[in-house]
Amino acid sequence: AAKPKILILGAGYGGMMAASRLQKKLGTDRAHITLVSKHSYHYLTTWLHEVGAGTLHHDNARMEIRKVLNPGKTNIVQDTVTGIHTEDKTVTLKSGDDLSYDYLIIGLGATAETFGAEGVYEHTYHAWTLDGAREMKDHIEFQFAQYPQQKEHKDKDLTFVVAGGGFTGIEFIGELSERLPELCEHYDVPREKVKMYVIEAAPSALPGFDPELVEYGMNLLEQRGVEFKVNKPISEVKEGLVILKDGEEIPASTIVWATGVRGNPLIEEAGFEANRGRVKVDSDLRAPGHDDVFIIGDCSLIINEETERPYPPTAQMAIQQGTAAADNVTHLVMGGTPGPFKPEILGTLASLGGKEAMGTVSLFGHRKLYGRSALFMKHMSDNRYFTKLNGMALALTKGRNPL
Ligand code: FAD
Ligand code: NAD
């Protein structure tokens, strides 16, 4: 019989884990495995706040897919997916090519959520991609570089607004505030001219997270000069201007958007029933009504039965789903039955710039971590991903020294 065609869309956390696992489990004897990626590299979305603030070079946050996967086992197609057509089991690509599949795994990641605020796409840095983060960094440095040369200083040029005090916003401002003294010195900019705001709709940053940790993080950032504006939903953005729902206006040449995410627009365009672009998948990670389509990572939605709320979309989840989807496809190829996916949430860790971090871990019980010990655990979890993806060698070359 013809070997089944397994098509994986997106080389993010979910897609890469799925491909790596399928290579190992099925090899070339039992299936044709194809991975479609926009770029020749896999980038680490979870490190992009560092790239965006300029505390990590973008090359450190990416790796060539061919060096991680085995091109002899996985056919790597560098192209952009433009459409998913479940009725005839094909995927269309920007190059004009079509790919057909027997089993599809969709891991196309997320895009910015605006909640109806106008002007976000036009006037903010909202793309949490490698290219988007690098552009953000270059823009920030340009704001500093031009300042000493200006005949007339405009306050907004050195005003940095982060929209949304969720984990992305907090981690980003953590990096920027940590780097600020170096930026000021490098570009001859007086420190007192720089303003940094985090604008949050909820009554505090990181709503719903452990209050002691939130306080720790907010205090630390305030000491570095970050000003929090809470209970302040943003309603609109214009060129160089943030407009709050209560009418307040904040002129700022740098607006970084981080008010949450929605699934890749291709999901809704393909006709899947979705909630903010995320498909509520069956327990085996298949799209309801589609026996041959698995959806993982930020494009998928799973309800946490304990809280009756969706699990937040995280890399931790995408990695586990990538593995589980690969195992379920393997079952189908081998004539078995897919099994249920059970997430194992090991904790939440957020970096705050420099050696600072905070978070919770469920390891020998539930505990809170602050500072260096939190950063140690965060680096260890990154290294664990590299080991899972491609063994110790990748962890040693790409991983971070936890000490
Ligand atoms: P991604 O890893 O984002 O990958 C999607 C891939 O699809 C990308 O490679 C993209 O290029 C590709 N793609 C998109 N569209 C197309 C197309 N049309 N054609 C071809 N390819 C396409 N989560 C944690 O668990 N821990 C953290 O510490 C953490 N930190 C974060 C920090 C930041 C700054 C951000 C923004 C997020 C963070 N997250 C964290 C969340 C985490 O990054 C995401 O949940 C995770 O990346 C989702 O994995 P994914 O595989 O669904 O998508
Ligand atoms: P988020 O949904 O976690 O946070 C968005 C924040 O923006 C919320 O606090 C929300 O109240 C606020 N907000 C929404 N609309 C607003 C408005 N109009 N004006 C002002 N504030 C507004 O989104 P995120 O931070 O982008 O994170 C996306 C996902 O990635 C989440 O699941 C998150 O857990 C995950 N993530 C995890 C980490 C980590 O574990 N270290 C880091 C970054 C992101």
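As the structure is a prediction and not an experimental result, all values here were calculated from the model. (Residues numbered from 1 in each chain as written. Chains lettered and ligands numbered in written order. Predicted model: local features only at pLDDT ≥ 70, side-chain atom pairs only at ≥ 80, totals over all residues.)

1. Brief notes about the nonpolar core
The tendency in soluble globular proteins is for nonpolar side chains to be buried side by side. Grouped together as the largest cluster of nonpolar side chains are 58 residues, with contacts concentrated most on V161, V162, A163, I173, I255 and V256. When residues of this core are assigned to their parent elements, the largest contribution, seven residues, is made by helix α6 (residues 167–187). Two domains each put at least three residues into this core: domain 1 (5–112 + 261–345) and domain 2 (120–257). When neighbours within four sequence positions are excluded, V162 is seen to be in contact with G169, F172, I173, Y197, V198, V256 and A258. Ranked by size, the runner-up nonpolar core spans 55 residues in total, among them I6, M16, I65 and V68. (Core = buried A, V, L, I, M, F, W, Y, C linked by C-beta atoms within 7 Å. Buried ≥ 20, exposed ≤ 12 C-beta atoms within 10 Å, placed from the backbone. Helix = DSSP H or I, 4+ residues; strand = E, 2+ residues; numbered from the N terminus. Domains from an automatic or database assignment. Contact = placed C-beta atoms within 7 Å.)

2. Things to note about the site of ligand 1
Close to ligand 1 lie 31 residues; G10, G12, G109, G297 and T314 are nearest. When residues of the shell around ligand 1 are traced back to their parent elements, those giving at least two are α1 (13–30), β2 (32–37), α2 (48–53), α6 and α9 (315–333). Its residues assigned to classes, the shell around ligand 1 comprises 11 nonpolar, 17 polar and three charged. Here the shell around ligand 1 spans two domains, since at least three of its residues come from each of domain 1 (5–112 + 261–345) and domain 2 (120–257). (Near = placed C-beta within 6 Å. Nonpolar A, V, L, I, M, F, W, Y, C, P; charged D, E, K, R; others polar.)

3. A short note on the domain arrangement of the protein chain
Each domain of the protein chain was delimited in the assignment, giving domain 1 (5–112 + 261–345) and domain 2 (120–257). Centre-to-centre, using C-alpha coordinates, domain 1 lies 32 Å away from domain 2. Contacts between the two partners involve 14 residues from domain 1 and, on the opposite side, 18 residues from domain 2. Among the elements that make up the side of domain 1 that touches domain 2, the one with the highest residue count is α2 (six residues). In terms of residue class, the side of domain 1 that touches domain 2 is built from six nonpolar, six polar and two charged.

4. Some thoughts on unusual backbone geometry
Excluding glycine, residues mostly carry a negative phi; peptide bonds, for their part, are mostly trans. The phi torsion at F115 lies on the positive side, around 50°, for a residue other than glycine. Note that F115 resides in the loop between β10 (110–112) and α4 (120–123). Not every positive phi belongs to a glycine, and E308 is a case in point at roughly 60°. Inspection of the secondary structure assignment puts E308 in the loop between β22 (303–304) and β23 (309–310). The exposure class assigned to E308 is exposed, which follows from the 7 C-beta atoms found within 10 Å.

5. Considerations on the environment of R372
You can see R372 is positioned in helix α10 (residues 371–398). In this structure R372 comes out as partly exposed when scored by C-beta crowding, with 14 C-beta atoms within 10 Å. With 25 residues separating them in the primary sequence, R372 and T397 have C-alpha atoms 22 Å apart.

6. Thoughts on the pairing of strand β12 (residues 195–199)
Burial runs high along β12: four of the five residues are buried. Pairing of strand β11 (residues 159–163) with β12, which is carried by five bridges, proceeds in the parallel orientation. Note on β12: the bridge partner recorded for A163 is I199. With α6 bridging β11 and its parallel neighbour β12, the resulting β-α-β unit is right-handed. (Pairing = 2+ DSSP bridges. Right-handed = clockwise from strand over helix to strand, strands pointing away.)

7. Side note on the sheet that holds strand β1 (residues 5–9)
Strand order in the open sheet formed by five strands is β5-β2-β1-β9-β20, with parallel pairing between adjacent strands. At either end of the open sheet lies a strand with only one pairing partner, and these are β5 (74–78) and β20 (293–295). The mean inter-strand angle of the sheet, taken between neighbouring strand axes irrespective of direction, is 15°. Across five bridges, the pairing between β1 and β2 is parallel. The residue bridging K5 from the neighbouring strand is H32, located in β2. Packed onto the sheet, α1 meets β1, β2, β5 and β9 (103–106) and runs at close to 165° relative to β2. Relative to the sheet, α9 contacts β1, β9 and β20, its axis offset from that of β9 by approximately 175°. (Axes fitted to C-alpha atoms, helices over the stretch in contact; angles between N-to-C directions.)

8. Points about the sheet that holds strand β17 (residues 254–257)
On the basis of which strands lie adjacent, the open sheet formed by four strands has the order β13-β12-β11-β17 and parallel pairing. In this open sheet, the two edge strands, each paired with only one partner strand, are β13 (226–229) and β17. Geometrically, the sheet is characterised by an average inter-axis angle of 20° between neighbouring strands, direction not taken into account. Contacts from α6 reach β11, β12, β13 and β17, with the element oriented near 170° to β12.

9. Observations concerning α9
Between its first and last C-alpha atoms α9 spans 27 Å; for 19 residues at 1.5 Å apiece the expected length is 27 Å, and the two agree. Summarising burial for α9: 14 of the 19 residues are buried, a large majority. Where α9 terminates, the next one or two residues include G335, which has phi positive at roughly 85°. (Expected span 1.5 Å × (residues − 1).)

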